Amino acid sequence: VLGCGVSGLSTALLLQRRYQNGPGTVTIYAKDLPPNTTSNIAGAWWSPTSVYEDASSTFTEQFRQACRISHKAFQLLVGAEYGVRWIDTFELLRHESSLTRELPGGNDLYPQIQQHRDPENYFGFPYVLQYSSMLIEPSIYLGKLLRDFYVAGGRLVVKEFRSRAEIARLREPVIFNCTGLGSRELFKDEALVPVRGQLEVLLPQPEIDYCYVSSGYMFPRNDGVILGGTWDHDDWSLAPNPEQTAS
């Protein structure tokens, strides 16, 4: 498995569980390890999403099934050990029609759905959809995934690959690419482009026990209150944008 972010660790653990009695050991090769991965600064709110065009009915059903598998997997991890918890979410809306749409994966995955039409008490928005979802603490969650990987006999090699030829010299017969944006350079995938998101982190505020989602979002975590929601296409910069910070 190439990469040790959430995709790499999740893939490695699934392989271990699927082939626990098979030959060989799952190995992760990665340049960066938690807490120095991109996944460590993710917002980490459970809400299935995907990007596709003109999905067939077969694909749509597969997507719904994947949502349910994911939902069950995270439900089993709820608690302090993995840093996963249920939290009230308020979706701030401008149009009444958005209140009745189906949530990603199906409404039954989101307990306690309520509708509000009270802008004075809900951030000035005329319509608000309230429901429960799950919030993940990346610093806790990724550390526990790495622990589980080691406990199951996993092997980790800190290494940066610079070409496909280097990868081809590995002894493993099957390779899973979980390098994310690194795939563009490593595999010459020119179709892969970044969508840059900037986060602002406020000091932790334990009294805030809810999320809100609108054109931006607010997620309260133990390591701080996370503000985000920017989407800058084809922007590779890692430097903070002062204008986005101010807004």
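Residues numbered from 1 in each chain as written. Predicted model: local features only at pLDDT ≥ 70, side-chain atom pairs only at ≥ 80, totals over all residues. Heavy atoms only, no water.

Draft legend 1. Examining the pattern of salt bridges more closely. Throughout the structure, instances matching the rule amount to 15 salt bridges. When the shortest N-O distance is used, the salt bridge between Arg147 and Asp148 registers 2.8 Å. For Arg147, a relative accessible area of 30% puts it in the partly exposed group. According to the relative accessible area criterion, Asp148 is buried, its value standing at 15%. As a salt-bridge pair, Asp232 and Arg196 come within 3.5 Å of each other at their nearest N and O atoms. Taken as a pair, Asp232 in strand β11 (residues 232-233) and Arg196 in strand β6 (residues 195-196) lie far apart in primary sequence, 36 residues in all. The buried category is assigned to Arg196, whose relative accessible area is 10%. (Salt bridge = Lys/Arg side-chain N within 4 Å of Asp/Glu carboxyl O. Buried < 20%, exposed > 50% of the residue type's maximum accessible area, 1.4 Å probe, protein only. Helix = DSSP H or I, 4+ residues; strand = E, 2+ residues; numbered from the N terminus.)

Draft legend 2. Representation of the state of the cysteines. Within this structure, the stated rule accounts for zero disulfides. The thiol sulfur of Cys4 is not disulfide-bonded, and the nearest other cysteine sulfur, from Cys178, lies at 10 Å. Of the residues examined, Cys4 reaches a relative accessible area of 2% and is grouped as buried. The exposure class assigned to Cys178 is buried, which follows from its relative accessible area of 17%. (Disulfide = S-S within 2.5 Å.)

Draft legend 3. How the structure looks around unusual backbone geometry. Pro34 connects to Pro35 through a cis peptide bond whose omega is 15°. Topologically, Pro35 is positioned in the loop between β1 (27-30) and α2 (57-75). One non-glycine residue, Ala44, lies in the positive phi region at around 65°. You can see Ala44 is positioned in the loop between β1 and α2. At Gln112, a position not held by glycine, the phi torsion is positive, near 60°. Mapped onto the elements, Gln112 comes out in the loop between β2 (84-93) and β3 (114-116).

The values reported here are purely geometric and, on their own, carry no functional implication.
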